[in-house]
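Secondary and tertiary structure notes
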Amino acid sequence: MANAKSQAELQKGLTSDDVKVTEELIPIFIMGKRYDVPKSLTIQKALEYAGYFLIRGCGCRAGICGACATVYRLPNNYKVEIGIACQTLVVPNMYIAQIPFFPAIKAKYNVEELKVGTYTLGEVYPELYKCMGCNTCTRSCPMDIQVMEYVAAAIRGDIKKCAELSFSCIMCGLCAARCPAEIVQYNAAMLSRRLAAKYLTPPAKHLEKTLELLQKKVFEKDLDEIQKLDEKELRKAYSEREIEPIETEEFWKPKDRKHLVPIEVVED
Amino acid sequence: MAYPPDLKKLIKLVEKSRPKRIEQAKQCLMYEPMKLEEQEDIIKKFHPDYIEEGKRAIAVGPNKGYRVANEFAEILEAYSRIDPDKFNLARIDYSCDILIIGGGGAGTAAALMAEEAGASVIIATKLRHGDANTIMAEGGIQGVTKPDKDSLYCHYLDVIGGGHFKNDPELVRTLVSEAPHVISWLEKLGTMFTKYKDGRLNTLHGGGTSRKRMHSCGDITGCEIMRVIRDEARNREKIKVLEFSPAIELLISDKGNCCGAILYNLETEEYLVVRAKAVVLSTGGCGRLHIRGFMTTNHYGATADGVALAYRAGVPVRFLHAVQYHPTGAIYPEQVEGVLISEKFRGAGAHLLNIRGEQFVFECSPRDVTSAAVIRECSERKLGIPTPIGTYGVWLDSPMLEIINGTGYLQKEFPGKHILFKRFEIDIAKEPMLVYPTLHYQNGGVNIKKDTTTNIAGLFAAGEVTGGVHGENRLMGNSLLDVLVFGRIAGRTAAEYITKPLDIGEPTLEHVRKYHKELEAAGVPKIRLSPKLLPDYISDKVKMRRLHPSILERI
């Protein structure tokens, strides 16, 4: 799917070589209307094949941004199926509609001021307690996240569990769209992750140390020096770099400490 | 979509060579990295940037005569979507202190800093807030945080060596010096970095790094970072976001200051005027221009709009001749074609293998070197693995990581890719992935100084839209770093700029008028418009049916 040709170019030099029918076409129904599309396409590419110019409902095209939430039904089946359009293959006779946007509540808060406790998530998003345990959210998640489990963790006040379980969330909104309790699961999960990372995970001490060293300007002299090197000297320095091996333990020690902060200063 | 039998047979060769390769890796025996001269040689022969065919000299503007890929020239040698003589600038639809064009990592970071400094901010973004290449960055973010074995000097040297020693030294220094602050900022905002139990940050290698300084959040680092800073922006009262409203022209005042932009509501097709005291350009990259017909890892909206806007207003560009092809884009199954397979796999030790199951390049070479090596393997050496649709790739041996690190490692460390391939009945813990270089990053862009100022007063730029910091080739983990470092600086610098007494003047479109004259003189056809806004993937079959031939003739 490289650059599509302009309409004028197409018309001018059209030969039968331009039309290749190599693949079996299958019928799909986009919002109830039939289109025949190659059967190897994803829903997203099928929409484009059918002639839709996507504005909403299309983002990263790689399954990570959550823009293309889609629902569909298959013939003779009562079930509502879900998927993200850029990752789901077409199936004969599927009935598709995209849900590019679904209204959701996003609380405003200041993570610096929130006190972390059993009820923190519930206080910010009280509708969490309306969960009736139907598990529709989990069944609606294209990322196979145990949504109901993390909602349960949130209700219990287990912020860390909620954060871990929801980590792969792409915030596509399908859980919220289908929730009979009208919870916006993914926004509560968002808060849980920020709280878990900020308050329930120890800070990196070596990072604090680095900031201290930066403040003391211990790196400046070396940077002044390297900025003065001409290309030839830079090439030499670059070629002679000592490379940390890939398979090595965390506390590997370089042999060449010439451009490192003296170890006694680091460990000070 | 599981591997067909022919490919399964070839996988046996990967399995056959694996025990010995794992043994060597455990003994820290790496595939011999190329010498600098060898690297330069392979790049010149096989990297797409060096193929003169497909390039041309830009016919107009501040860098007239500069040779870039045709696809770039097309968006620079193009007319505005509006007629500068007829457009009414008197009607103001929105006004604010700082207008930020682009709602990805750089724009959002800029918004947070500007708001903290007291400015009112509008983020105008083409798609949704957070729809950007930032969200797709998987591997990680570089920064010196382990001074017992790493230093800013080492980071600087890696960056400038990766960039072929052509980078702007001041920008590189700023990048590496701000990096620890950015990581700390993210940690304090509540970003779920992958950590040891005691809080120590996990760090890995990336291509071209001399130390393991790549910090990650599983294999969805950019997604996690974007989620966090977007959430923070949504908590702030003075940040307003206009979605589906890309900028299509900058406003430059009669006194030469940038003072707003014209937005285009993609849904209602209205043109809207935003007046601001300062403008930050953070529109991202160019993958959806499909430079040289390559598949891309980029977001749907990555059409280099900001480069076109700024260039038309008179901001020079640099390094636009250098485009980054990520060595490992998925090439099978076709549905995931172009999708990024993070460098983190190679940073963690996964090998690249040819059809015989042999290594052919040091996996952690800079990206351009690795890409050139893969292209050589699949072209000159004829050792690529054929796919069912006639393309070629090489193996990325993910199962070896599972063997070295224990069952469940891939699912835990690479959950995104694990589930993606599972959908196509490929278990990456058991079978390798087929990869080929994919258009990944716009190394070049508009010219900025280290404080993100451009040659136009009131116009700042940050992130992938700019050029200089990465020279001719960016290293992994420096793009997330770039957007946050320079995004934050842009927010602060712009906020400081507007506190000074300003005589901004009245907005004009004089620059557009002037540019149009230049285009006409150069004989550029009037149907060519930019910015491009979105790629057009509608099938040719439908396009053929849309317009009657007589209408086509008139165009």
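Keep in mind the model is a prediction, meaning the values are calculated, not measured. (Residues numbered from 1 in each chain as written. Chains lettered and ligands numbered in written order. Predicted model: local features only at pLDDT ≥ 70, side-chain atom pairs only at ≥ 80, totals over all residues.)

A few points about the overall build of chain A
Helix and strand counts for chain A stand at twelve helices and five strands. A compact globule built from 268 residues should have a C-alpha radius of gyration of about 18 Å, whereas chain A, at 27 Å, is more than 25% larger. Its C-alpha atoms give chain A principal-axis dimensions of roughly 75 × 60 × 35 Å. (Helix = DSSP H or I, 4+ residues; strand = E, 2+ residues; numbered from the N terminus. Rg over C-alpha atoms; globule rule 2.2 N^0.38 Å.)

Structural notes on the interface of chain A and chain B
Counting from both sides, the interface comprises 84 residues of chain A and, opposite them, 82 residues of chain B. Those elements giving two or more residues to the side of chain A that touches chain B turn out to be helix H1 (7-12), helix H2 (43-50), helix H8 (185-199), helix H9 (205-215), helix H10 (220-228), helix H11 (231-239) and helix H12 (263-266) of chain A. Ranked by residue count, the leading element in the side of chain A that touches chain B is H9 of chain A, at eight residues. Of the residues contributing to the side of chain A that touches chain B, the split by class is 47 nonpolar, 18 polar and 19 charged. (Contact = placed C-beta atoms within 7 Å. Nonpolar A, V, L, I, M, F, W, Y, C, P; charged D, E, K, R; others polar.)

Digging into the domain arrangement of chain B
Residue and element names in this part refer to chain B. If you check the domain split of chain B, you get domain 1 (5-30 + 324-438) and domain 2 (94-322 + 443-508). One C-alpha centre belongs to domain 1, the other to domain 2; they are set 31 Å apart. Contacts between domain 1 and domain 2 engage 26 residues on the former and 24 residues on the latter. Where the side of domain 1 that touches domain 2 is concerned, the elements lending two or more residues are strand S13 (323-330), helix H10 (344-347), helix H11 (367-378) and helix H14 (415-422). In terms of residues, the side of domain 1 that touches domain 2 owes the most to one element, S13, which gives four residues. The residue makeup of the side of domain 1 that touches domain 2, split by class, is eight nonpolar, ten polar and eight charged. (Domains from an automatic or database assignment.)

Concerning the pairing of strand S10 (residues 258-264) of chain B
Residues and elements named next belong to chain B. Among the seven residues in S10, seven count as buried, and that is most of the element. In this sheet, S10 lies alongside strand S9 (residues 247-253) in antiparallel orientation, the contact comprising four bridges. Counted as the bridge partner of Leu 250 is Ala 261 from S10. The hairpin turn running from S9 into S10, its antiparallel successor, is four residues long, and Gly 256 in that turn takes a positive phi close to 90°. The antiparallel hairpin formed by S10 and strand S11 (residues 271-281) contains six residues in its connecting segment, where Glu 269 sits at a positive phi of about 65°. (Buried ≥ 20, exposed ≤ 12 C-beta atoms within 10 Å, placed from the backbone. Pairing = 2+ DSSP bridges.)

Some remarks on unusual backbone geometry
Look at the link from Tyr 332 of chain B to Pro 333 of chain B: it is a cis peptide, with omega at -10°. As for its placement among the helices and strands, Pro 333 of chain B is situated in the loop between S13 and H10. Each neighbour pair has its own omega, and for Ser 530 of chain B with Pro 531 of chain B the value is 0°, a cis peptide bond. Here Pro 531 of chain B is to be found in the loop between helix H16 (510-521) and helix H17 (540-546). Despite not being glycine, Arg 61 of chain A has its phi angle at roughly 60°, a positive value.

Observations concerning the sheet that holds strand S18 (residues 445-447) of chain B
Within the open sheet, the three strands sit side by side as S12-S18-S20 (chain B). Their pairing is mixed. The open sheet has two edge strands, strand S12 (317-318) and strand S20 (466-467) of chain B, and neither has a second partner.

Observations regarding the domain arrangement of chain A
Along its sequence, chain A is organised into domain 1 (24-98), domain 2 (120-199) and domain 3 (215-266). Between domain 1 of chain A and domain 3 of chain A, the C-alpha centre-to-centre distance is 52 Å.

As for H2 of chain A
Residue and element names in this part refer to chain A. For H2, the tally of buried residues reaches seven of eight residues, placing the bulk of the element in the interior. Of the positions making up H2, those classed as buried are Ile 43, Gln 44, Lys 45, Ala 46, Leu 47, Glu 48 and Tyr 49. Tucked inside the fold, the buried residues of H2 contact strand S1 (25-30), strand S2 (33-38), strand S3 (69-73), strand S4 (81-84) and strand S5 (95-98). Just past H2, the residue Gly 51 takes up positive phi, approximately 115°.

Thoughts on the environment of Ala 196 of chain A
Looking at where Ala 196 of chain A falls in the secondary structure, it is placed in helix H8. Taking the C-alpha atoms as reference points, Ala 196 of chain A and Leu 207 of chain A, separated by eleven residues in sequence, lie 18 Å from one another. Setting aside anything within four residues of it in sequence, one finds Ala 196 of chain A in contact with Ile 159, Lys 160, Ala 163 and Thr 201 of chain A together with Met 192 of chain B.

As for helix H1 (residues 5-26) of chain B
Compared with the 32 Å implied by 1.5 Å per residue over 22 residues, the 32 Å span of H1 of chain B between its first and last C-alpha is a close match. Two residues or fewer after H1 of chain B comes Cys 28 of chain B, characterised by a positive phi angle close to 60°. (Expected span 1.5 Å × (residues − 1).)

Some points on the environment of Thr 328 of chain B
All names here are of chain B. Among the secondary structure elements, Thr 328 is positioned in strand S13. Classification of Thr 328 as buried rests on a count of 30 C-beta atoms within 10 Å. Spatially, the C-alpha atom of Thr 328 lies 8.7 Å from that of Val 339, the residues being eleven residues apart in sequence.

Notes on the nonpolar core
Residues and elements named next belong to chain B. Core analysis: the largest hydrophobic core is formed by 245 residues, its most contacted members being Ile 98, Leu 99, Val 279 and Val 280. Looking at this core element by element, the count peaks at eleven residues for helix H15 (residues 478-499). Discounting residues that sit within four places of it in the chain, Val 280 has contacts with Ile 98, Ile 100, Ile 101, Gly 107, Ala 110, Phe 460, Ala 462, Ala 490 and Ala 494. (Core = buried A, V, L, I, M, F, W, Y, C linked by C-beta atoms within 7 Å.)

Details of the pairing of strand S3 (residues 94-101) of chain B
Residue and element names in this part refer to chain B. Within S3, six of the eight residues are buried, leaving the element largely enclosed by the surrounding structure. Inspection of the sheet shows S3 paired to S11 by seven bridges, in the parallel sense. Pairing of Tyr 94 across the sheet is with Val 274, part of S11. Of the strand pairs in this sheet, S3 and strand S4 (residues 121-124) are connected by four bridges, and their pairing is parallel. Directly across from Ile 101, in S4, lies its bridge partner Ala 124. Once you follow S3 into helix H4 (residues 105-116) and on to S4, the crossover reads as right-handed. (Right-handed = clockwise from strand over helix to strand, strands pointing away.)

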